[in-house]
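Per-entry structural report
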Amino acid sequence: MAQAIQTSTGQPLPLPQGIQGIVADWSSDQRAFKNVPWGKAMMWIFLLSDTFIFSCFLISYMTVRISTTDPWPNPSEVFGLTLFGKSIPLLLIAIMTFVLISSSGTMAMAVKFGYEKNRKMTFILLLCTAALGATFVGMQAFEWTKLILHEGIRPWGNPLGAAQFGAAFFMITGFHGTHVSIGVIFLLITATKVIRGDLDHERPGFMTGRKGKYEIVEIMGLYWHFVDLVWVFIFAVFYLW
Amino acid sequence: MAAHVEGQQHPIGIYLKIWGLLFVLSTASYLVDYFHFQGYLRWFLIILFMLLKAGLIVAVFMHMLWERLAMVYAILVPTVLLMVLLGIGALEADYTFFTRGVFFLKGLF
């Protein structure tokens, strides 16, 4: 019996869901990540590799901290601030955490307004995110200055206890701070593109022939949320341990 | 729910709610230190708040909740491998600590 196979459906066939969807997507022609612009898929893969880098740092820190026989400096006191003659533990770090979380919130909303093609709101929210990010880096610079000049902490040793404290601290927070700084620069670039209307008029970028689209705001957002995500882990295992 | 072709579009309320929740969780983990909780209770609370915050950021802010499973698994499954590295690191560190105890502490043997 002849069975008619529909070859022209007029519109894309619905994609299968669940485990079947995984098998269908991965075994399909052309591309595995359906519904996702390739720039976004690439950003996710970059973030996965960055996850492994930060994990190497954090797990190395864990091994040196467990294996040292000298007492580990108490982060609660080292990172405390004295306000109105009263010392409050970890205050600076808590403020930095709230600043970074707030920047993540404004970033998420920038992505939303971007897809609504609301140029002005996207621009304002991107600038807020960049400003909060710069504030974070500034507070980190303050923290480093305090530790280096007043507490005498060096990567090879410190007067408070285990020598590995400085090495782990400067490596981990330095790498994270670099990520934040690069993020601020790219946020400013993205904000400029948004307010100039590059994305509305699909103008190609400076170093690419690709058309400008609002998906770059979401890709920027993925990077920024990742920076916040890493801070969640650093805050928990470095400062609260 | 499948992602839209044009990109992720969700009501603004969900972002504000998650933002508020992240603030509450951060305050909670700060209070763990402020009230000097110690031992297993401290560890349990710190790890719990850490994972909840990470989960909220990835699921909602990074839109993982609305992506297709092929993408979600490609990103999240490899990170599980890190648990192996974590386990190896912990075992090795315990052993190093033990041998340092044996050789550095004079008069023990």
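Our subject in this report is the structure included herewith.

Reading guide: rules and limits
Residues numbered from 1 in each chain as written. Chains lettered and ligands numbered in written order. Predicted model: local features only at pLDDT ≥ 70, side-chain atom pairs only at ≥ 80, totals over all residues. Helix = DSSP H or I, 4+ residues; strand = E, 2+ residues; numbered from the N terminus. Rg over C-alpha atoms; globule rule 2.2 N^0.38 Å. Buried ≥ 20, exposed ≤ 12 C-beta atoms within 10 Å, placed from the backbone. Contact = placed C-beta atoms within 7 Å. Core = buried A, V, L, I, M, F, W, Y, C linked by C-beta atoms within 7 Å. Expected span 1.5 Å × (residues − 1). Arc of directions from axis to C-beta. Nonpolar A, V, L, I, M, F, W, Y, C, P; charged D, E, K, R; others polar. Axes fitted to C-alpha atoms, helices over the stretch in contact; angles between N-to-C directions. Parallel < 35°, antiparallel > 145°, perpendicular 65-115°, else oblique. Left-handed = near helix turned anticlockwise from the far one by under 90°.

What to know about the overall build of chain A
Each helix and strand in chain A was counted, giving 7 helices and 2 strands. In chain A, the order of α-helices and β-strands from amino to carboxyl end is α-α-α-β-β-α-α-α-α. Taking 18 Å as the expected radius of gyration for a compact globule of 241 residues, we find that chain A reaches 23 Å, considerably beyond that expectation. Viewed in the frame of its principal axes, chain A has a C-alpha envelope of about 85 × 45 × 30 Å. Split into buried and exposed, the 241 residues of chain A put 34% on the buried side. Counting only contacts in chain A whose residues sit at least 6 apart along the sequence, the fraction spanning at least 24 positions is 67%.

Focus: the overall build of chain B
If you tally the helices and strands in chain B, you get 4 helices and 0 strands. Each helix (α) and strand (β) of chain B, taken in turn from the N terminus, gives the series α-α-α-α. Relative to the compact-globule value of 13 Å for 109 residues, chain B shows a C-alpha radius of gyration of 21 Å, a clear excess of over 25%. In terms of principal-axis extent, the alpha carbons of chain B reach across some 70 × 35 × 15 Å. For chain B, the residues scored as buried account for 22% of the 109 residues in total.

So, unusual backbone geometry
Negative phi characterises most residues that are not glycine, and trans characterises most peptide bonds. In this model, Lys117(A) sits at a positive phi of 60°, which is unusual for a non-glycine residue. Backbone geometry places His63(B), a non-glycine residue, at a positive phi of 65°. Among the structural elements, His63(B) can be located in the loop between α2 (39–61) and α3 (69–80).

Let's talk about the nonpolar core
Formed by 67 residues in total, the largest nonpolar core has its most connected members in Ala110(A), Leu126(A) and Phe235(A). Those elements that provide at least two residues to this core are α2 (38–67), α4 (91–115), α5 (119–150), α6 (164–196) and α7 (215–239) of chain A together with α1 (12–34) and α2 of chain B. Apart from residues no more than four positions distant in its own chain, Phe235(A) is found in contact with Ile93(A), Thr97(A) and Leu240(A).

Side note on α3(B)
For α3(B), which comprises 12 residues, the first-to-last C-alpha distance of 16 Å matches the rise-based estimate of 16 Å (1.5 Å per residue) to within 8%. Of all the positions in α3(B), only Ala70(B), Met71(B) and Ala74(B) are classed as buried. The arc enclosing the buried residues of α3(B), seen along the axis, measures out at 120°, which places them on a common side. Exposed and oriented more than 90 degrees from the buried face of α3(B) are Leu76(B), Val77(B), Thr79(B) and Val80(B). For α3(B), the elements touching its buried residues are α1 (18–26) of chain A.

With respect to α7(A)
Its 25 residues give α7(A) an end-to-end C-alpha distance of 35 Å, which sits within 8% of 36 Å, the value for a rise of 1.5 Å per residue. When you tally the buried positions in α7(A), you get 22 out of 25 residues, the bulk of the element.

Observations regarding the environment of Lys40(A)
Of note, Lys40(A) is situated in helix α2. As for Lys40(A) and Leu149(A), which are separated by 109 residues in sequence, their C-alpha atoms are 42 Å apart.

Description of the interface of chain A and chain B
Between chain A and chain B, the contact holds 45 residues from the first and 48 residues from the second. For the side of chain A that touches chain B, the secondary-structure elements that each account for two or more residues are α1, α2, α4 and α7 of chain A. In terms of residue count, α4(A) provides more of the side of chain A that touches chain B than any other element does, 10 residues in total. For the side of chain A that touches chain B, the per-class residue count stands at 26 nonpolar, 13 polar and 6 charged.

A closer look at the environment of Ser76(A)
Relative to the elements of secondary structure, Ser76(A) occurs in helix α3 (residues 75–78). Filtering out sequence-adjacent residues up to four positions away, Ser76(A) remains in contact with Pro89(A), Leu90(A) and Asp33(B).

Some points on the packing of α5(A) against α6(A)
All names here are of chain A. Contact geometry for α5 and α6: axes closest at 9 Å, N-to-C directions at 155°. Considered as vectors, α5 and α6 are oriented roughly antiparallel to each other. As α5 runs across α6, the sense of the crossing is left-handed. Packed against α5, whose contacting residues are Arg119, Thr122, Phe123, Leu126, Leu127, Thr129, Ala130, Gly133, Ala134, Phe136, Val137 and Gln140, the element α6 presents Thr173, Gly177, Val180, Ser181, Gly183, Val184, Leu187, Leu188, Thr190, Ala191, Val194 and Ile195 at the interface. Residue composition of the contact of α5 with α6, by class: 14 nonpolar, 9 polar and 1 charged.

Treat this as a map of the structure, not an account of what it does.
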